[in-house]
Amino acid sequence: AQSVTQLGSHVSVSEGALVLLRCNYSSSVPPYLFWYVQYPNQGLQLLLKYTSAATLVKGINGFEAEFKKSETSFHLTKPSAHMSDAAEYFCAVSDQSSASKIIFGSGTRLSIRP
Amino acid sequence: EPEVTQTPSHQVTQMGQEVILRCVPISNHLYFYWYRQILGQKVEFLVSFYNNEISEKSEIFDDQFSVERPDGSNFTLKIRSTKLEDSAMYFCASSEAMSAGGDTQYFGPGTRLTVL
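A brief structural summary. (Residues numbered from 1 in each chain as written. Chains lettered and ligands numbered in written order. Predicted model: local features only at pLDDT ≥ 70, side-chain atom pairs only at ≥ 80, totals over all residues. Heavy atoms only, no water.)

**Let's talk about the interface of chain B and chain A**
Counting from both sides, the interface comprises 20 residues of chain B and, opposite them, 21 residues of chain A. Of the roughly 1,700 Å² buried between chain B and chain A, counting both surfaces, carbon and sulfur atoms make up 57%. At the junction of chain B and chain A, the tally comes to one salt bridge. Here Lys 101 of chain A ties to Glu 56 of chain B by a salt bridge, and the two come within 3.9 Å at their closest N and O atoms. Summed over the shared surface of chain B and chain A, the result is three residue pairs in polar contact (both at pLDDT 80 or more). Elements with a contribution of two residues or more to the side of chain B that touches chain A: strand 4 (31-37) and strand 5 (43-50) of chain B. Per-class residue counts for the side of chain B that touches chain A are nine nonpolar, eight polar and three charged. (Contact = heavy atoms within 4.5 Å. Buried area = accessible area lost by both parts, 1.4 Å probe. Salt bridge = Lys/Arg side-chain N within 4 Å of Asp/Glu carboxyl O. Polar contact = N/O pair within 3.5 Å; in protein donor to acceptor, adjacent residues only side chain to side chain. Helix = DSSP H or I, 4+ residues; strand = E, 2+ residues; numbered from the N terminus. Nonpolar A, V, L, I, M, F, W, Y, C, P; charged D, E, K, R; others polar.)

**Let's talk about the nonpolar core**
Counting 27 residues, the largest nonpolar core has Trp 35, Phe 74, Leu 76 and Tyr 89 of chain A as the members making the most contacts within it. If you list the elements that add at least two residues to this core, you get strand 2 (10-14), strand 3 (19-26), strand 4 (33-38), strand 5 (44-50), strand 7 (64-68), strand 8 (73-78), strand 9 (87-94) and strand 11 (108-113) of chain A. Counting 23 residues, the second largest nonpolar core, distinct from the first, contains Ile 26, Phe 32, Val 47 and Phe 61 of chain B. (Core = buried A, V, L, I, M, F, W, Y, C linked by side-chain atoms within 4.5 Å. Buried < 20%, exposed > 50% of the residue type's maximum accessible area, 1.4 Å probe, protein only.)

**Observations regarding the sheet that holds strand 8 (residues 75-79) of chain B**
Residue and element names in this part refer to chain B. With antiparallel pairing, the four strands of this open sheet are ordered in space as 1-3-8-7. Strands at the two margins of the open sheet, each flanked by one partner only, are strand 1 (5-7) and strand 7 (65-68). For this sheet, the mean inter-axis angle between neighbouring strands, taken without regard to orientation, is 20°. Pairing analysis gives three bridges linking strand 1 to strand 3 (residues 19-24), with the strands arranged antiparallel. Bridging across to strand 3, Thr 5 finds its partner in Val 24. (Pairing = 2+ DSSP bridges. Axes fitted to C-alpha atoms, helices over the stretch in contact; angles between N-to-C directions.)

**A word on the layout of surface pockets**
To locate leftover empty space, one rolls a probe as large as a water molecule over the atoms. Of the pockets and cavities examined, the largest pocket occupies roughly 510 Å³. For the largest pocket, the lining is made up of 22 residues, of which Gln 38 and Arg 109 of chain A together with Gln 37, Met 89 and Arg 112 of chain B are closest to its centre. Looking at the lining of the largest pocket element by element, the count peaks at three residues for strand 9 of chain A. Class assignment for the residues of the lining of the largest pocket results in eight nonpolar, eleven polar and three charged. For the second largest pocket, the calculated volume is near 430 Å³. Looking at the lining of the second largest pocket, the elements with two or more residues in it are strand 5 of chain A together with strand 10 (106-107) of chain B. (1 Å grid on protein atoms, 1.4 Å probe; cavity = no way out; pocket = protein on both sides within 12 Å on 5 of 7 lines; lining within 4 Å. Points joined across faces, edges and corners; volume = space filled by probe spheres on them.)

**Notes on the pairing of strand 4 of chain B**
The side chains of a regular strand alternate between both faces of the sheet. Residues and elements named next belong to chain B. In terms of residue burial, strand 4 counts as a mostly covered element, since seven of its seven residues are buried. What you see with strand 4 is no split at all: Tyr 31, Tyr 33, Tyr 35 and Gln 37 on one side and Phe 32, Trp 34 and Arg 36 on the other are buried throughout. Pairing of strand 4 with strand 5, which is carried by seven bridges, proceeds in the antiparallel orientation. Residue pairing in the sheet places Arg 36 in a bridge with Glu 44 of strand 5. As paired elements, strand 4 and strand 9 (residues 88-95) share seven bridges and run antiparallel to each other. Looking across to strand 9, one finds that Trp 34 is bridged to Cys 92.

Here it is in structure tokens:
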């Protein structure tokens, strides 16, 4: 069965610093992978998704993620953090046995220091 | 930009009571979903719904749960007799097509259910 593991439940970076949120997936077949963001008191918003078209995926708000099959990773990065990036970030994978189910990681809370 | 809406934002109920959580999916979407997140745990899939019937459900979605599209706009989740362990954030989502890789699921802001 597919699963995702997010390393670090809480990451804190300074404003302007690189953001790196780690995600590793487990899948026996090429997966579809997602990053969602949840701002305080809001729903889950799709940042980006990987569907095998290109290994480097660009999303909204300057975020991007690179699919690395050899490392089974899909880490999320942003070159320069902004205060507005403070949120909870979820890595997720589609369940290949299901057309509808998305399996979420446990989330990483990103804090930005002034 | 179209968005999924959910009401209420917070529901408090007594154990054993019935609750109905409401969602208005994006208007041209045909596929609807419910997920839940117990505090401190992962977001978990509950059920998917298409063409007025359940497409798939998880083991969590037992006989206490039901879903309905009572009219052309609303999508509801009913819990018949709530338990303490039903306390969670419930997210509704919708998509144009049912393909987790081929189409995006858009999520609502969630309803926080507290069972006392």
